[in-house]
4 protein chains.
Amino acid sequence: MPPQPWPDLAGRLVPGGHVLPVRIYFEDTDFSGVVYHGSYIRFMERGRSDFVRLLGVAHTALDAGDHGEPLVFAVHRIDIGYFKPARIDDLVEVTTLVKAVTGARLILIQTVARDGERLTEAEVTIVLVNREGRARRIPDSVRDTLHAAAVATGVA
Amino acid sequence: MPPQPWPDLAGRLVPGGHVLPVRIYFEDTDFSGVVYHGSYIRFMERGRSDFVRLLGVAHTALDAGDHGEPLVFAVHRIDIGYFKPARIDDLVEVTTLVKAVTGARLILIQTVARDGERLTEAEVTIVLVNREGRARRIPDSVRDTLHAAAVATGVA
Amino acid sequence: MPPQPWPDLAGRLVPGGHVLPVRIYFEDTDFSGVVYHGSYIRFMERGRSDFVRLLGVAHTALDAGDHGEPLVFAVHRIDIGYFKPARIDDLVEVTTLVKAVTGARLILIQTVARDGERLTEAEVTIVLVNREGRARRIPDSVRDTLHAAAVATGVA
Amino acid sequence: MPPQPWPDLAGRLVPGGHVLPVRIYFEDTDFSGVVYHGSYIRFMERGRSDFVRLLGVAHTALDAGDHGEPLVFAVHRIDIGYFKPARIDDLVEVTTLVKAVTGARLILIQTVARDGERLTEAEVTIVLVNREGRARRIPDSVRDTLHAAAVATGVA
């Protein structure tokens, strides 16, 4: 395998989860001078996508039906608290930790922090849905992979 | 006052709150074929903005310091559940109801529905912050206005 | 047909094209205090979508293959100039005029204006593509409809 | 200076400009299955921001008035062509090259490519504006820095 030209781009696996760096750009801010509250929802999705990518689960493979019928991750619930704002040019880190994996649900704790200070924190419940939008059992291979990450933090 | 050329644009006040129609465009969807989960966060902010606009509280007036120092609404917490997806070309309605108004917080229940069917629902906690991001007491005039709306639904 | 509950929502057909009102929300602005330059690109897409919707051409129908194979409008080129900024709470109007319709291309002139003052203007070239992303001939029924609009302005 | 924990995050300076890697996430795509045309506008802004950051010109410093009055980069014109679409999970590269620097304008050529294949290309004209939105002369220190980059490609 050739060397990755941008090794940091998908963040790094850490015990129990994943850390992704995110730069704050114009697009992420609003006229109040700080980051728009909806932008953190996007940052957290990037963290989840890169987490499962590094674990070896690609959106494209799921969508192509590699695990049976075509499946896509869907958000079931987000409970997010905002503590401090990020600003233009800031470098923040999105941390994604596995809280629990059940037959049909994946529960994550995600934070966005700057210099180690927590700016937002969310509990995010994820399901896998098919083309008709119906929730499906998480494939064993995917669940085992996520469960192994959870075990590493001692939460599962 | 001249007639409004686009009377529907800011939605309509209803008992206890406000209803805003929102059209689903390309920008709101993602490759899974339905509306991106973060888009509902934007729709709900539109509903809140037009609600307070129709009540007579403009972002520009708050930011200009009409209620003392410059203030801006900030989201403190969102707890959102996703039940069914909206799709391209759909016409959905964002309903915003006042659940409670305290000295420093405004708690809203917001739903996005299509043809009367609830697609997402959120409890949203709002605070007013100054330029330094510190929470400030909601001005009496703003609180009275919001409280009157809440009383109309019998929740406050 | 029942009365439309929100008659203004898709804007209005005008000679040669279409006008859509757009409200500026938090999501559209950036930390510089005005509307993010990329937001106008989204506003113009909304104008195009509602224009073709009022002409009777729905994205859903195109995508469902009602005109042969599944087709979707795709942007081929945008040449956009920015003259003055819009701000939070502003009400702007997106005007879409048909400049030319050829066998495979639709050329539009789109402006965003506030109180009649032009803020941005773009020439936008649209093509229809199939699922593989290949440009396809614009179906006669679609072209005739667009051409009729163009003739109304005397440009085609 | 401590080592950068994420050295790749702001991309790399190259002769005459800058290259930034960008991952395609859910947020960047639309229901047609590929990247939304407006997303490339955001990617290019990221490339410009990181380019000037690596050259030592920060948005925060400009906005703080380090070069006289508070200034912010503003887009004056974008002429963008779309050739091929990017898709979910793709890794693309945004290349930003300086075409010309005049007293008041900076003209850039920006491309988005995947595996060396050009997907979109734009000519982007940038100006510096003050708080009232009026174009200002580009500070000598900023212009010299940009000009040096341009000279490196032999275009200026």
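For clarity, every value in this text was computed on a predicted model and none was experimentally measured. (Residues numbered from 1 in each chain as written. Chains lettered and ligands numbered in written order. Predicted model: local features only at pLDDT ≥ 70, side-chain atom pairs only at ≥ 80, totals over all residues. Heavy atoms only, no water.)

**A closer look at the overall build of chain A**
Consideration 1: Looking only at helices and strands, chain A features three helices and seven strands.
Consideration 2: When the helices and strands of chain A are listed from N to C terminus, the series reads β-β-α-α-β-β-β-β-β-α.
Consideration 3: Over its C-alpha atoms chain A spans a radius of gyration of 16 Å, differing by no more than 12% from the 15 Å that the globule rule assigns to 156 residues.
Consideration 4: Viewed in the frame of its principal axes, chain A has a C-alpha envelope of about 45 × 40 × 30 Å.
Consideration 5: Put simply, chain A has 156 residues, and 56% of those count as buried.
Consideration 6: Of all intrachain contacts in chain A linking residues separated by at least 6 positions in sequence, the fraction that spans at least 24 positions is 64%.
Consideration 7: A total of about 6,300 Å² of accessible surface is found on chain A, and carbon and sulfur atoms cover 53% of it. (Helix = DSSP H or I, 4+ residues; strand = E, 2+ residues; numbered from the N terminus. Rg over C-alpha atoms; globule rule 2.2 N^0.38 Å. Buried < 20%, exposed > 50% of the residue type's maximum accessible area, 1.4 Å probe, protein only. Contact = heavy atoms within 4.5 Å. Areas by Shrake-Rupley, 256 points an atom, 1.4 Å probe, with all protein chains shown as cover.)

**Points about the relation of the copies chain A and chain D**
Consideration 1: Between the two copies, chain A and chain D, the superposition gives an RMSD of 0.0 Å; the rotation angle is 180° and the shift along the axis is 0.0 Å. This pairing of chains is accounted for by a two-fold axis. Relative to the rotation axis, the closest C-alpha in chain A is found at A:D8, a distance of 3.1 Å.
Consideration 2: A symmetric contact is evident, with 100% of the interface residues of chain A recurring at the interface of chain D. (Least-squares fit on C-alpha atoms with pLDDT ≥ 70 in both.)

**Some thoughts on the interface of chain A and chain D**
Consideration 1: Across the contact, 31 residues belong to chain A and 31 residues belong to chain D.
Consideration 2: Here chain A and chain D share an interface that buries about 2,900 Å² over both sides, 59% of which is from carbon and sulfur atoms.
Consideration 3: Taken together, chain A and chain D are joined by six salt bridges.
Consideration 4: Linking D:E27 and A:R42 is a salt bridge whose minimum nitrogen-to-oxygen distance equals 2.5 Å.
Consideration 5: Elements with a contribution of two residues or more to the side of chain A that touches chain D: β2 (17–23), α1 (37–54), α2 (59–63), β3 (71–82) and β4 (91–101) of chain A.
Consideration 6: A per-class count over the side of chain A that touches chain D returns 16 nonpolar, four polar and eleven charged. (Buried area = accessible area lost by both parts, 1.4 Å probe. Salt bridge = Lys/Arg side-chain N within 4 Å of Asp/Glu carboxyl O. Nonpolar A, V, L, I, M, F, W, Y, C, P; charged D, E, K, R; others polar.)

**Side note on the pairing of strand β6 (residues 117–129) of chain D**
Strand residues, when the strand is regular, have side chains that alternate between the two faces of the sheet.
Residues and elements named next belong to chain D.
Consideration 1: Strand direction decides the pairing type here: strand β3 (residues 72–82) and β6, joined by ten bridges, are antiparallel. In the strand pairing of β6, V72 is matched with V129.
Consideration 2: Two strands pair when backbone bridges link them, and strand β5 (residues 106–114) and β6 are joined in this way by nine bridges, in the antiparallel orientation. Within β6, the position partnered with V112 by the bridge is T120. (Pairing = 2+ DSSP bridges.)

**Things to note about the interface of chain C and chain D**
Interface size is commonly expressed as the accessible surface area that is lost when the partners come together.
Consideration 1: Across the contact, 20 residues belong to chain C and 20 residues belong to chain D.
Consideration 2: At the boundary of chain C with chain D, total buried surface from both sides reaches about 1,800 Å², with 60% on carbon and sulfur atoms.
Consideration 3: Of all residues in chain C, C:F31, C:H37 and C:Y82 bury the most surface against chain D, accounting for 25% of the area lost on that side.
Consideration 4: Our enumeration of links across chain C and chain D arrives at two salt bridges.
Consideration 5: Between D:D79 and C:R77 there is a salt bridge; the shortest N-O distance is 2.7 Å.
Consideration 6: Put simply, chain C and chain D have eight residue pairs in polar contact (both at pLDDT 80 or more) between them. (Polar contact = N/O pair within 3.5 Å; in protein donor to acceptor, adjacent residues only side chain to side chain.)

**Let's talk about the packing of helix α1 (residues 37–54) of chain C against helix α1 (residues 37–54) of chain D**
Consideration 1: Close contact between α1(C) and α1(D) brings their axes to 9 Å; oriented N to C, the two are set at 175°. As the angle between them shows, α1(C) and α1(D) are arranged roughly antiparallel. Residues C:H37, C:G38, C:I41, C:E45 and C:R48 of α1(C) form the contact with α1(D), whose own contacting residues are D:H37, D:G38, D:I41, D:E45 and D:R48.
Consideration 2: Of the residues in the contact of α1(C) with α1(D), the class split is two nonpolar, four polar and four charged. (Axes fitted to C-alpha atoms, helices over the stretch in contact; angles between N-to-C directions. Parallel < 35°, antiparallel > 145°, perpendicular 65-115°, else oblique.)

**Regarding the relation of the copies chain C and chain D**
Consideration 1: The two copies are related by a screw motion: chain C maps onto chain D through a turn of 180° and a shift of 0.0 Å along the axis, at an RMSD of 0.0 Å.
Consideration 2: Comparing interface residues between copies, 100% of those in chain C also lie at the interface in chain D; the contact surface is shared.

**A look at the packing of aromatic side chains**
Consideration 1: This structure, assessed with the given rule, holds twelve aromatic pairs over all chains.
Consideration 2: Within the aromatic cluster, the residues linked to one another by ring pairs are A:Y40, A:F43 and A:Y82.
Consideration 3: Here the guanidinium or amino end of A:R12 rests over the ring plane of D:W6, the centre of that ring lying 4.1 Å away.
Consideration 4: Lying over the aromatic face of B:F83, B:R118 brings its terminal NZ or CZ to 4.1 Å of the ring centre. (Phe/Tyr/Trp six-rings, centres within 6.5 Å; stacked < 30°, edge-to-face > 60°. Lys NZ or Arg CZ within 6 Å of the ring centre and 35° of its normal.)

**What to know about the confidence of the model for chain A**
All names here are of chain A.
Consideration 1: Residue-level pLDDT values for chain A average 89, and 94% of them are 70 or greater.
Consideration 2: The lowest-confidence element of chain A is α2, averaging 78 in pLDDT; the highest-confidence one is strand β5 (residues 106–114), averaging 97.
Consideration 3: Here the complex is predicted with pTM 0.94, and the ipTM for its interfaces comes to 0.91. (pLDDT = per-residue confidence, 0-100.)

**Some remarks on the pattern of salt bridges**
Consideration 1: Counted according to the given criterion, the structure contains 64 salt bridges over all chains.
Consideration 2: Note that A:D140 and A:R137 form a salt bridge whose closest N and O atoms lie 3.3 Å from each other.
Consideration 3: Residues A:R143 and A:D140 are paired through a salt bridge, measuring 3.0 Å at the closest nitrogen-oxygen approach. One end of the pair is A:R143 and the other is A:D140, both in helix α3 (residues 140–153) and three residues apart, which spans about a single turn.
Consideration 4: On the basis of relative accessibility, which here comes to 42%, the residue A:D140 falls in the partly exposed class.
Consideration 5: Connected through salt bridges with shared partners, the residues A:E27, A:D28, A:R42, A:R46, D:E27, D:D28, D:R42 and D:R46 form a single ionic network.

**Some thoughts on α1(A)**
Residues and elements named next belong to chain A.
Consideration 1: The end-to-end C-alpha distance of α1, which contains 18 residues, comes to 27 Å, matching closely the 26 Å that a straight helix rising 1.5 Å per residue would cover.
Consideration 2: With 17 of 18 residues buried, α1 lies mostly within the body of the structure.
Consideration 3: G56 sits one or two positions beyond α1 and adopts a positive phi of about 100°. (Expected span 1.5 Å × (residues − 1).)

**Quick notes on the side chain of C:D90**
Residue and element names in this part refer to chain C.
Consideration 1: Tracing the backbone shows D90 in the loop between β3 (72–82) and β4 (91–101).
Consideration 2: What makes D90 buried here is its relative accessible area of 16%.
Consideration 3: Excluding residues within four positions of it along the chain, D90 makes contact with V22, R23, I24 and R114.

**So, the environment of B:D89**
Consideration 1: Mapped onto the elements of the fold, B:D89 is located in the loop between β3 (72–82) and β4 (91–101).
Consideration 2: Along the sequence, B:D89 and B:V35 sit 54 residues apart, while their C-alpha atoms lie 10 Å from each other.
Consideration 3: Ignoring sequence-local partners within four residues, the contact set of B:D89 consists of B:R23, B:I24, C:R53, C:A58, C:H59 and C:T60.
Consideration 4: Within the structure, the side chain of B:D89 is placed 3.1 Å from the side chain of C:R53, a separation counted as a polar contact.

**Points about unusual backbone geometry**
For residues other than glycine, phi is negative in most cases, and the peptide bonds are mostly trans.
Consideration 1: In the Ramachandran plot, B:D115 falls in the positive-phi region, its phi being about 50° despite a non-glycine side chain.
Consideration 2: For B:D115, the position within the fold is in the loop between β5 (106–114) and β6 (117–129).
Consideration 3: Judged by its relative accessible area of 79%, B:D115 is exposed.
Consideration 4: One non-glycine residue, C:D89, lies in the positive phi region at around 75°.

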